[in-house]
Amino acid sequence: MTKIKKRIPLIINCDTGIDDAVALMLVEKSEMFDIKLITTDLGNAGPKQSAVNCNNILELIGGQEVKICAGDGKGLTRDRAHVSVHGKTGMGTYIFEPHSRKVSKDDAIDAMYETIMNSDEKVTILCVSPTSNLAKLQIRHKDCWTSDKIERVVIMA
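In what follows, the accompanying structure is described. (Residues numbered from 1 in each chain as written. Predicted model: local features only at pLDDT ≥ 70, side-chain atom pairs only at ≥ 80, totals over all residues. Heavy atoms only, no water.)

A few words now on the nonpolar core. Core analysis: the largest hydrophobic core is formed by 19 residues, its most contacted members being I12, L24, I35 and I38. The leading source of residues in this core is helix 2 (residues 47–60), at 4 residues. If sequence neighbours within four positions are ignored, L24 has contacts with I12, I35, I38, C54, I57 and L58. Core analysis: the second largest hydrophobic core is formed by 16 residues, L37, I109, A111 and C127 among them. (Core = buried A, V, L, I, M, F, W, Y, C linked by side-chain atoms within 4.5 Å. Buried < 20%, exposed > 50% of the residue type's maximum accessible area, 1.4 Å probe, protein only. Helix = DSSP H or I, 4+ residues; strand = E, 2+ residues; numbered from the N terminus. Contact = heavy atoms within 4.5 Å.)

Okay, here's the thing in structure tokens:
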């Protein structure tokens, strides 16, 4: 098997419940991707809880320290409620061990913009959640979409 030489710079936008936790583990352990930023939205859990879940998953698998920013969880035209099929925390009944990883207090949309615009390579955005953060990025920072800094956007929402 040939080893991949260049890793794809990646921003992950998620609503980390059990399904996104599995996706995050696969991406983190893959040699194909270089996770630059994780942002969270309302969905399987609230954005703040989803961000905590991301940190917990990365700690559990011995993953890299990645900047994780919670979105505001608000839709563009109406408030949304989070889906509770994954339990109160989004992770069923699993209880994670305490650790020292922290969620950034930075604004998720501005962090996406800064990550994209400051990257030396084109960035891929992987969205496995509601797309509110992407829509807000488009509204707040139109220039990043025309800057030739985004390689592609992949959405499973």
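Back to the text.
As a further point, take the state of the cysteines. As enumerated under the stated definition, the model contains 0 disulfides in all. Here C54 stays free of any disulfide, with the sulfur of C14 as its closest cysteine sulfur at 3.6 Å. We note that C144 lacks a disulfide partner, and the nearest cysteine sulfur, in C127, lies 14 Å from it. The buried category is assigned to C144, whose relative accessible area is 1%. (Disulfide = S-S within 2.5 Å.)

Moving on: the pattern of salt bridges. Taken as a whole and assessed by the stated rule, the structure comprises 10 salt bridges. A salt bridge links R101 to E65; its shortest N-O distance comes to 4.0 Å. On the criterion of sequence distance, the pair formed by R101 in the loop between strand 3 (68–70) and helix 3 (108–117) and E65 in the loop between helix 2 and strand 3 is long-range, its members being 36 residues apart. Overall, R101 belongs to the buried group, its relative accessible area being 10%. Taking relative accessible area as the criterion, E65 reaches 62% and is therefore assigned exposed. A salt bridge links E151 to R152; its shortest N-O distance comes to 3.8 Å. Here E151 falls in the partly exposed class, since its relative accessible area comes to 40%. On the accessibility criterion, R152 (42% relative accessible area) is partly exposed. Within this structure, E59, E65 and R101 form a network of salt bridges that share partners. (Salt bridge = Lys/Arg side-chain N within 4 Å of Asp/Glu carboxyl O.)

Further remarks concern the sheet that holds strand 4 (residues 123–127). Spatially, 3-2-1-4-5 is the arrangement adopted by the 5 strands of the open sheet, whose pairing is parallel. One side of each edge strand has no neighbouring strand; the edge strands of this open sheet are strand 3 and strand 5 (150–155). If you compare each strand with its neighbour and ignore which way they point, the axes differ by 20° on average. Pairing geometry for strand 1 (residues 8–14) and strand 2 (residues 33–40), over 7 bridges, is parallel. The residue of strand 2 that forms the bridge with L10 is I35. The sheet contacts of helix 1 (residues 18–29) involve strand 1, strand 2 and strand 4, and relative to strand 2 the element is tilted by about 155°. Helix-sheet contacts for helix 2 involve strand 1, strand 2 and strand 3, and the interaxial angle to strand 3 is about 160°. (Pairing = 2+ DSSP bridges. Axes fitted to C-alpha atoms, helices over the stretch in contact; angles between N-to-C directions.)

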